[in-house]
Amino acid sequence: MTTPLDMLHQPYWMTMGPMIVVAATGFVVMILEFIFRKGDRRWLTVLSMLGVVAALVVAIIHFNAKPTFALNTIGVDPFASVFSVLILISALLVLLFTLDFSAKSDVPAEHTYLILFAVVGALTMASSIDLVTLYVGLELLSVASYVLVAVRTHSIRSVEGGIKYMLMGALGSAVLLYGMSFIYGISGTTNLMNLSGAGLQMFSTYPAITVIGFLMMLIGMGFKLSLVPFHMWTPDAYAGAPTPITSFLATLSKAASFGMLLRMLVFIFNAPGAHLFYWAGIIAAITMIVGNFIALPQRNMKRLLAFSSVAQAGYILVPFAMFGIAQSADWAGLFDSISFYLFAYTFMTVGAFAIVYLLERDKGSLDSDALIGLYQRSPWLAVALTIFVLSLAGMPLTAGFLGKFYIFVDTMHFSTIWLGVILFATSVVSFYYYIGWLRKVYQKEPVAEVTALSASPIMHTLVAVCVIGTLALGIVPALLLHPLAGLPWIYG
Amino acid sequence: MFHYWNPYFLIVLYVVLGIFLPVASIWVIGPILRPNKPSEAKGSTYESGLEPVGDAHVRYNARYYLFALMFVVFDVETLFLYPWAVAFKKLGMFALTEMLIFIVLLVIGLAYAWRKKVLEWT
Amino acid sequence: MGAAPFPVPTGSLLALGALLFCIGLFGALTKRNLIIVLVSIELMLNAANINLVTFSRLGVAPSLSGQVFSLFTMTVAAAEIAVGLALLLALFRLRKTSEVKDLNIHKW
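Definitions and cut-offs
- Residues numbered from 1 in each chain as written.
- Chains lettered and ligands numbered in written order.
- Predicted model: local features only at pLDDT ≥ 70, side-chain atom pairs only at ≥ 80, totals over all residues.
- Contact = placed C-beta atoms within 7 Å.
- Helix = DSSP H or I, 4+ residues; strand = E, 2+ residues; numbered from the N terminus.
- Axes fitted to C-alpha atoms, helices over the stretch in contact; angles between N-to-C directions.
- Parallel < 35°, antiparallel > 145°, perpendicular 65-115°, else oblique.
- Left-handed = near helix turned anticlockwise from the far one by under 90°.
- UniProt positions renumbered as here; feature names shortened; annotations may be inferred.
- Core = buried A, V, L, I, M, F, W, Y, C linked by C-beta atoms within 7 Å.
- Buried ≥ 20, exposed ≤ 12 C-beta atoms within 10 Å, placed from the backbone.

### Structural notes on the interface of chain A and chain C
Consideration 1: If you look at the interface, chain A gives 37 residues, while chain C gives 36 residues.
Consideration 2: Of all the secondary structure elements, the ones that give two or more residues to the side of chain A that touches chain C are helix H6 (131-149), helix H7 (156-187) and helix H10 (233-240) of chain A.
Consideration 3: A total of 21 residues in the side of chain A that touches chain C trace back to one element, the largest contributor, which is H7 of chain A.

Laid out in structure tokens, this is it:
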């Protein structure tokens, strides 16, 4: 029993530091936004970025901290550290993206602090070890995202995408919650630490309810992660949302949901539930196949990237299937491949969306014909897009290749080679539509004089950061793998 | 066993009576006892004795939805105040501070809605 | 926890929850009006609440955390529904409709 006095003396700063900083920045920006209503309000975005940088500093200071939990609920451990850093880096990229966006467009300034509140939710998902806080964090992220997608209230595409996302997201969270209620019911606790201890007994006494709980939690998160067959909202929401928000949905929200799924499944259904993880493999296989094949006929660039992100979610889900087979000593390797792929995925996806955004603004259309003549017009942006697209497809020397390679090696190591084969085959399929883009990029525009694609210094910086990230992780993976390898993933 | 079924027996009794009485009075006993003289005025909708006006399917002003959703959010937030109030003496100073922070956040939300002109009827 | 035996068995309460969940799921997947769909999703969330409260009194290891969880769920559900209504309002202003079949701008 914790007495009120104990509650005062908890390591709040160490365990929740990044969350406190981001939430405080969010409220400050919100109040400033409704006080100062006139003129160029981009300084609000800059302020938010400063807040996120401060949170990143706090997260990095405590990166190697001993696993500690405040009130047995929210805490710092290697898992939380890695995902917090990933979430904050992608938040920084997305905010940089919106900085250019809010200068020219009609989007109300609300999106700045909505992104910050969503980041608080994402950080909660990454660092909670209690079902209650995990659920609240997930909903904080989701509800903020629904509003972000529909933030252009006068655009029917935006609102329609938002409504579809909201309906499917709410359905998913209802299913997830129903699954959680069964897990709570047969164990009597919502704390993941206690659950990981209670697992064995729970499985032997109530095998059927455990399976229902597992599947419902997987399906509920499947809605949020847009795994096939729960992906129907993805292309509409991605195409309807403003492009910076689309990159937010594709990277930050996905990374946080993967973090939460991983933590729930591994803590609750560890060793005794080995056979259940097979389901994750089946869903991963369907997701990879369907995602890549539906992407083939797409002409709308944002919809193509949406289906590509569905397929990428399938790749990331592959290692999940192996937690049942692997000994817990080998789990560190699986954690490494998942987080490496998520880091690589963040850089290349934000970069690709940045260039799609520039083209969309230039031509006023999302059709992939807008790509024609890009190399003639702006060689640097064309080369950058080439790098992102090749990385998404999985070409050597890029981060995307190494990410897929590590996952493939895992499948061989844990003798689930059929998943590795599907991963490889569907990647080959994905080359087809990505190369279709590249052909258009290097095609000559039939007009005599070409104008350079206009891009602000902010967008050039964003693209450069993403290129550096993609190439650095592809050529010197040790930059990320070294700190990851030193982490004590399994503790206690 | 009896202890468990007893409440259900009462419920069943209620349900049976609840179905029997209206059915008997409207369809069985009523038609037998009452005289049958239909006219047009008798068949029209009863609206407190006034002449019925317009359609039943009127659309409410969309403004009501804004107030409704403001109400829903703030109404449900008070849910947290009840458990706190019940255990107030046990929890003491720390929980009081926490609740004050919580209420301040709610006030910021209200101020925000006010500033965004959600509370005005225009 | 409670000393007197609870007069209703756990199974009945869980069945009530499951029934509500199924009605909600059916409504969410088949109804044409968006408001009814929102109501159905709310039913599903309430089914989970019934489960949580049942387990917190009659579960394998009864504890208060189930009730705390359901308090949080109610609040979160209210927030979700508020956002849903706001989005519906925005849709209604643009299209004068609240039917699922009219969500047809996006095509693939």
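### Some details on unusual backbone geometry
Residues and elements named next belong to chain A.
Consideration 1: The omega angle of the peptide bond from Val-228 to Pro-229 is 5 degrees, so this bond is cis rather than trans.
Consideration 2: Its identity as a non-glycine residue notwithstanding, Asn-72 has a phi of 60 degrees, on the positive side.
Consideration 3: Its place among the elements puts Asn-72 in the loop between strand E1 (68-70) and strand E2 (74-76).

### Quick notes on the packing of H6 of chain A against helix H11 (residues 243-268) of chain A
Residues and elements named next belong to chain A.
Consideration 1: The contact between H6 and H11 brings their axes to 11 Å, and the two run at 165 degrees. Taken as axis vectors, H6 and H11 run roughly antiparallel relative to one another. Considering the relative orientation of H6 and H11, their crossing is left-handed. Residues Leu-134, Leu-138, Leu-141, Ser-145, Leu-148 and Val-149 of H6 lie in contact with H11, whose contacting residues are Ile-245, Phe-248, Leu-249, Ser-253, Ala-256, Met-260 and Met-264.

### Description of the UniProt feature "transmembrane region" (unreviewed entry) in chain B
All names here are of chain B.
Consideration 1: Feature annotation in UniProt places "transmembrane region" (unreviewed entry) on residues 6-29, 64-85 and 91-114, given in this structure's numbering.
Consideration 2: Taken end to end, residues 6-29 has its terminal C-alpha atoms 32 Å apart, with 100% of it in helix and 0% in strand.
Consideration 3: Between the end C-alpha atoms of residues 91-114 there is a gap of 33 Å, over a span that is 100% helix and 0% strand.

### Thoughts on the nonpolar core
Side chains that are nonpolar tend, in soluble globular proteins, to be buried together.
Consideration 1: In this structure, Ile-87, Val-119 and Ala-354 of chain A are the most contacted members of the largest nonpolar core, which totals 219 residues.
Consideration 2: Dropping the residues within four chain positions of it, Val-119 of chain A is found in contact with Val-22, Val-52, Ile-87 and Ala-91 of chain A.

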